[in-house]
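# Notes for the structure review
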Amino acid sequence: YMKKTENCRELFLRGLTDAYLYSVRDSTLPIPCSIAGILQMNGCRFAGEALHIATIEGDNYVTADSITAKQTSSVAGNGTVFSFEITANIDLGKENLPEIIAKMRGKDYYIVLRKQDDSLYLCYTLPGTFGITSSATAQIDGETASVTATCKAMSEFIPIRLS
């Protein structure tokens, strides 16, 4: 009997300005999510935006003071599986979160991240692996709220281009 080793690696995506969550059902991507190790993907079409978190104030539902994206990987029998955790500390629009998140429960979403240089990265959600939660903490100077979206994928953060 062979002992499987589980190698874990952590990677952070820096300089994020936006996180978009798009319905898997309404979006069209040229390569299936079951293909492992996709390095780049062009011609992506996203629709069914459920949530847009921005760090720059605009006409967004929700504005965050920061967005963090963490990728961890572990080696399993079927290859490497990547787990993503995107966390945003929410400034404006906290009151909209419970309703937005309630609507998203039980469905799958792609997570698309935008960096300061306008490059886009995809967390290519495998079916049934998406989750989203929010938490609120009361403090002396008011309430802080954060949103965390998670998913698993067969590829790392994929640089993408829209069609």
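Structure shown above.
Residues numbered from 1 in each chain as written. Predicted model: local features only at pLDDT ≥ 70, side-chain atom pairs only at ≥ 80, totals over all residues. Heavy atoms only, no water.

Counted by the stated rule, this structure contains 2 salt bridges. Glu99 is paired through a salt bridge with Lys103; the nearest N and O atoms lie 3.4 Å apart. Linking Glu99 with Lys103, this pair stays in helix H1 (residues 97-104), spanning 4 residues, or about one helical turn. Across the pair, Lys103 and Glu99 agree in class, each one exposed. A salt bridge links Arg114 to Asp118, with the shortest nitrogen-to-oxygen separation between them at 3.4 Å. Here Arg114 falls in the partly exposed class, since its relative accessible area comes to 22%. (Salt bridge = Lys/Arg side-chain N within 4 Å of Asp/Glu carboxyl O. Helix = DSSP H or I, 4+ residues; strand = E, 2+ residues; numbered from the N terminus. Buried < 20%, exposed > 50% of the residue type's maximum accessible area, 1.4 Å probe, protein only.)

This part takes up the state of the cysteines. Under the definition given, this model contains 0 disulfides. Of all cysteine sulfurs in the structure, the one in Cys33 sits closest to Cys44, which takes part in no disulfide; the separation is 13 Å. (Disulfide = S-S within 2.5 Å.)

Our next topic: the side chain of Thr17. Following the sequence through the fold, Thr17 ends up in strand E2 (residues 16-23). Separated by 2.8 Å, the side chains of Thr17 and Asp18 make a polar contact. Once residues lying within four places of it in the same chain are set aside, the contact partners of Thr17 are Ile53, Ala54, Thr55, Ile67, Arg114, Lys115 and Gln116. (Polar contact = N/O pair within 3.5 Å; in protein donor to acceptor, adjacent residues only side chain to side chain. Contact = heavy atoms within 4.5 Å.)

Inspection of the entire model under this criterion finds 1 cavity of 30 Å³ or more. One number sums up the size of the largest cavity: a volume of about 40 Å³. Considering the residues around the largest cavity, the lining is formed by Leu21, Leu51, Ile53, Ile86, Thr87, Ala88, Ile132, Val147, Thr148 and Ala149. Taken together, the elements giving at least two residues each to the lining of the largest cavity come down to strand E4 (49-54), strand E6 (79-92) and strand E10 (142-153). Partitioning the lining of the largest cavity into residue classes produces 8 nonpolar, 2 polar and no charged. (1 Å grid on protein atoms, 1.4 Å probe; cavity = no way out; pocket = protein on both sides within 12 Å on 5 of 7 lines; lining within 4 Å. Points joined across faces, edges and corners; volume = space filled by probe spheres on them. Nonpolar A, V, L, I, M, F, W, Y, C, P; charged D, E, K, R; others polar.)

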